[in-house]
Amino acid sequence: MSTFDEDRSPDESFSATPEAEPSAESFDSTLDAEQHSTGKQPGLFVIASGVVTALASLALLYYLEHIKGWTVIGYYWNFVIPIGAIGVGLCAGSGYGIGSWLTGARIGRTLLITVLVLQILSYFAAQYIEYLMVLEQIPEEFRHEHSFFTYFDSVTRAFAFQQEGGGPGQAFGAWGYGMRFLEAAGFALGGLIVPGILATNPYCTTCNRYMSTKSQYAVLPAGVEPRKIKKRDKEALAAYEAEQAAALAEGMKLAEKVGEAISADDPAGVAQILNEQQPQKSKNEKQLRRIHLNLQHCSVCAGGKFVAQLVEGHGKEQKVGAIAEWDLPEGFVTQIESTTT
Ligand SMILES: [Zn+2]
């Protein structure tokens, strides 16, 4: 109820449902749904952080390419993958991610589109600044002959791959625009990498914070250690498979108990199960099947989520399947950890 009073102006809430007089409860549920889909919106700080890292990256790029003579943005893998441009774009766009992390703003489609547009603008702004610097070197009376577009066109057409000896190869001519496109697109898309990764992180809508994830917070047994059995020995093979199946059933029951303790709001009950398994965590991990409990938790409210996964096999043959997800109420994680040894 209190969130309703704080976060929503009366005007807004009443105009949304002008006729009916809904109970406070229905307000609460609509608010929850709304917060869940949005979270805190990125503000000016996020945009400013991104613009700062973009300008800093482009300034560094200019220094490396023109002062040091290193090819950075023009570095291609297999001649068509502009990994140089993607890398520079990644650095440039990292500020949008850092700003979102610091303020807890939830990255959505609007921000990603904004990043894309700003990255393209920064790319062309950098080209324009380079043009102004080139212009400085030209005697004043000839400057009017060199517009930005003639400069941009001639640089683009002069694109060439470096030859093995180090000298430039044949100029691309009109094909240079293809390389220009790859470069700009690589830079723009590279900018989406950091905010894109952050956007997939779990998010606490109560506190407007990104949550952190602890993988394998606990490992529950759901199998026995794999062992080699001769295929001809059908009896032993059947016994082994029965043993694995029984252990799997036991493991699923144990996971169910964790879920029940969470629903019963019993952190001590959860902690007890986890404490029992903690000493044999690495032993459990060696089993053919085991259940990983991954913890997503919010450092502000100590709520979050347990994600339970059934893991089968090891190494390259490992398979992971989702079993269940349990939401943890505020404070639950602190309560578990205060009773965990
Ligand atoms: Zn929280």
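(A) Representation of unusual backbone geometry within the structure. Even without being glycine, glutamine 216 reaches a positive phi, approximately 50°. What makes glutamine 216 partly exposed here is the crowd of 15 C-beta atoms within 10 Å. Unusually for a residue other than glycine, aspartate 265 sits at a positive phi of about 55°. Looking at the secondary structure, you find aspartate 265 in the loop between helix H10 (234–263) and helix H11 (267–277).

(B) Helix H4 (residues 44–67), seen in detail. Here H4 spans 33 Å end to end across 24 residues, near enough to the 34 Å set by a 1.5 Å rise per residue. Taken as a whole, H4 has its buried residues at Val46, Ser49, Gly50, Thr53, Ala54, Ser57, Leu58 and Leu61. Immediately beyond the C-terminal end of H4, within one or two residues, lies glycine 69, with a positive phi of roughly 75°.

(C) Expanded view of the packing of helix H6 (residues 109–136) against helix H8 (residues 176–190). Packing of H6 against H8 leaves a shortest axis separation of 8 Å and a crossing angle of 135°. By the angle class used here, H6 and H8 are oblique. The way H6 lies across H8 gives a crossing that is right-handed. Between H6 and H8, the contacting residues are Leu116, Gln119, Ile120 and Tyr123 on the first element and Ala184, Phe187 and Ala188 on the second. A breakdown of the residues in the contact of H6 with H8 according to their chemical character gives six nonpolar, one polar and no charged.

(D) Examining H8 more closely. With 15 residues, H8 extends 21 Å between its outermost C-alpha atoms, agreeing within 8% with the 21 Å of an ideal straight helix rising 1.5 Å per residue. Within the span of H8, buried status applies to Met179, Glu183, Gly186, Phe187, Ala188 and Gly190. Buried-residue contacts for H8 involve helix H5 (83–103), H6 and helix H9 (193–199).

(E) The arrangement of the nonpolar core in detail. With 22 residues, the main nonpolar core has Leu58, Ala85, Val88, Ala92, Tyr96, Val115 and Phe187 as its most contacted residues. Of all the elements in the fold, those that place two or more residues in this core are H4, H5, H6 and H8. When residues in this core are grouped by element, the largest group, six residues, is from H5. In this structure alanine 85 touches Ile73, Glu183, Gly186, Phe187 and Gly190, once residues within four positions along its chain are discounted. Ranked by size, the runner-up nonpolar core spans 21 residues in total, among them Ala255, Val270, Phe306 and Ala308.

(F) Fine view of the packing of H5 against H8. Interhelical geometry of H5 versus H8 gives an angle of 35° and a closest axis separation of 6 Å. Helix-helix and strand crossings are classified by hand; for H5 and H8 the assignment is right-handed. Contacts between H5 and H8 involve Ala85, Ile86, Gly87, Val88, Gly89, Leu90, Ala92 and Gly93 from the former and Glu183, Gly186, Phe187, Ala188, Leu189 and Gly190 from the latter. Residue composition of the contact of H5 with H8, by class: eight nonpolar, five polar and one charged.

(G) The pairing of strand S6 (residues 319–328), seen in detail. Among the 10 residues that make up S6, one are buried, leaving the element largely open to the surroundings. Judged from the nine bridges that link them, strand S5 (residues 304–312) and S6 form a sheet pairing that is antiparallel. Directly across from phenylalanine 306, in S6, lies its bridge partner tryptophan 326. In this structure, the hairpin formed by S5 and S6 is closed by a connection of six residues, where glycine 313 is found at a positive phi of approximately 80°.

Each value, and the rule that gives it
Within each chain, residues carry numbers counting from 1 in the order of the written sequence. Local features are withheld for residues below a pLDDT of 70 in this predicted model, meaning they are given only at 70 or higher, and side-chain atom pairs are given and counted only at 80 or more; totals for whole chains, interfaces and linings count all residues. Residue burial is a threshold on neighbouring C-beta atoms within 10 Å of the residue's own C-beta, all placed from the backbone, with 20 or more meaning buried, 12 or fewer meaning exposed, and counts in between meaning partly exposed. Each helix is a run of H or I in the DSSP string that is no shorter than four residues. Each strand is a run of E no shorter than two, and both are numbered from the N terminus. To estimate how far a helix should reach, multiply one less than its number of residues by 1.5 Å. Angular values range over 0 to 180 degrees, each being the angle between N-to-C directions of two axes fitted as lines to C-alpha atoms, with helices fitted over their stretch in contact. Angles are sorted into four bins: roughly parallel if under 35 degrees, roughly antiparallel if over 145, roughly perpendicular if 65 to 115, and oblique for all others. Two helices that cross are described as forming a left-handed crossing if the nearer one is turned anticlockwise from the farther one by less than a right angle, and a right-handed crossing if clockwise. Any pair of residues counts as being in contact when their C-beta atoms, constructed from backbone geometry, are within 7 Å of one another. Note on residue classes: Ala, Val, Leu, Ile, Met, Phe, Trp, Tyr, Cys and Pro are nonpolar, Asp, Glu, Lys and Arg are charged, and everything else, Gly too, is polar. To define a nonpolar core, we join buried Ala, Val, Leu, Ile, Met, Phe, Trp, Tyr and Cys residues through C-beta atoms within 7 Å and take the resulting set. Following DSSP output, two strands are said to pair if at least two bridges run between them.

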